[in-house]
Amino acid sequence: MTIDGMLAHARQQLRRVLPIELPQAIARGAILVDIRPQAQRLREGTLPGALVIERNVLEWRLDPSSSARLAMAEHHDVEWIIVCSEGYTSSLAAASLQQLGLRRATDLEGGYQALKKAGLLTVAASAPHFEREVATLAWL
């Protein structure tokens, strides 16, 4: 198998989210996860409202059975939308999450670059989990 074949196979398993669909996904409770490495986020820019989980620990943080999971990874029905820079690594990552039983895991078509082009970089800032975090920080 080649990487192109692996990517095509991964994408066959996903119902990828278009940037224009992201506001509705966030409104229904989907959680955007930015897997770009820190150096890339510094170079390209941040994604307000997205959880930052670098690729090398993604499965451990989102698997509900993992002792290293995030509190938000309560069950296998959470809708995770994975985003990378251009939508390649995120497809492979989302397919890996689906193999763990996270059936609603998917990725954002075109990644961060597509969100930026569409003017939608701040759409996840209205996510309930992000608003709670901002309110908690403001309280401190």
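Because the structure is predicted, anything quoted here is derived from the model rather than measured.

Caption draft 1: Inspection of the overall build of the chain at higher detail. When helices and strands are tallied, the chain shows seven helices and four strands. When the elements of the chain are put in sequence order from the N terminus, they spell out α-α-β-α-β-α-β-α-β-α-α. For the C-alpha atoms alone, the extent of the chain along its principal axes is close to 50 × 35 × 30 Å. A buried classification covers 45% of the 140 residues belonging to the chain. Residue pairs at least 24 apart in sequence account for 66% of intrachain contacts in the chain once pairs closer than 6 positions are excluded. A total accessible area of about 7700 Å² is found for the chain, and carbon and sulfur atoms account for 56% of it. Taken as two groups, the 15 positive and 15 negative side-chain charges of the chain have centres that lie 1 Å from each other.

Caption draft 2: Up close: the packing of aromatic side chains. Under the criterion given, the structure shown has zero aromatic pairs. Lying across the ring of Tyr112, Arg36 places its NZ or CZ 4.1 Å from the centre.

Caption draft 3: Seen up close, the sheet that holds strand S3 (residues 80-83). As summarised here, the arrangement of the four strands in space is S2-S1-S3-S4, forming an open sheet in which the pairing is parallel. Every other strand in the sheet has two partners, leaving strand S2 (51-52) and strand S4 (106-107) as the edge strands with one partner each. Bridge analysis of strand S1 (residues 31-34) against S2 gives two bridges, and the strand direction is parallel. If you follow Val33 over to S2, its bridge partner there is Leu51. Of the strands in this sheet, S3 and S4 are in contact with helix H5 (residues 89-99), which crosses S3 at around 150°.

Caption draft 4: Spotlight on the UniProt feature "domain: Rhodanese" (unreviewed entry) in the chain. In the numbering used here, UniProt assigns the feature "domain: Rhodanese" (unreviewed entry) to residues 26-124. With 33% helix and 12% strand, residues 26-124 has its two end C-alpha atoms placed 6 Å apart.

Caption draft 5: Quick peek at the pairing of S1. Along S1, one buried face is formed by Ile31 and Val33 and the opposite face, lined by Leu32 and Asp34, is buried too. For the segment spanning S1, helix H3 (residues 38-44) and S2, crossover handedness is right-handed.

Each value, and the rule that gives it
Residues numbered from 1 in each chain as written. Predicted model: local features only at pLDDT ≥ 70, side-chain atom pairs only at ≥ 80, totals over all residues. Heavy atoms only, no water. Helix = DSSP H or I, 4+ residues; strand = E, 2+ residues; numbered from the N terminus. Buried < 20%, exposed > 50% of the residue type's maximum accessible area, 1.4 Å probe, protein only. Contact = heavy atoms within 4.5 Å. Areas by Shrake-Rupley, 256 points an atom, 1.4 Å probe, with all protein chains shown as cover. Lys, Arg positive; Asp, Glu negative; His and termini not counted. Charge placed at Lys NZ, Arg CZ, Asp CG, Glu CD. Phe/Tyr/Trp six-rings, centres within 6.5 Å; stacked < 30°, edge-to-face > 60°. Lys NZ or Arg CZ within 6 Å of the ring centre and 35° of its normal. Pairing = 2+ DSSP bridges. Axes fitted to C-alpha atoms, helices over the stretch in contact; angles between N-to-C directions. UniProt positions renumbered as here; feature names shortened; annotations may be inferred. Right-handed = clockwise from strand over helix to strand, strands pointing away.

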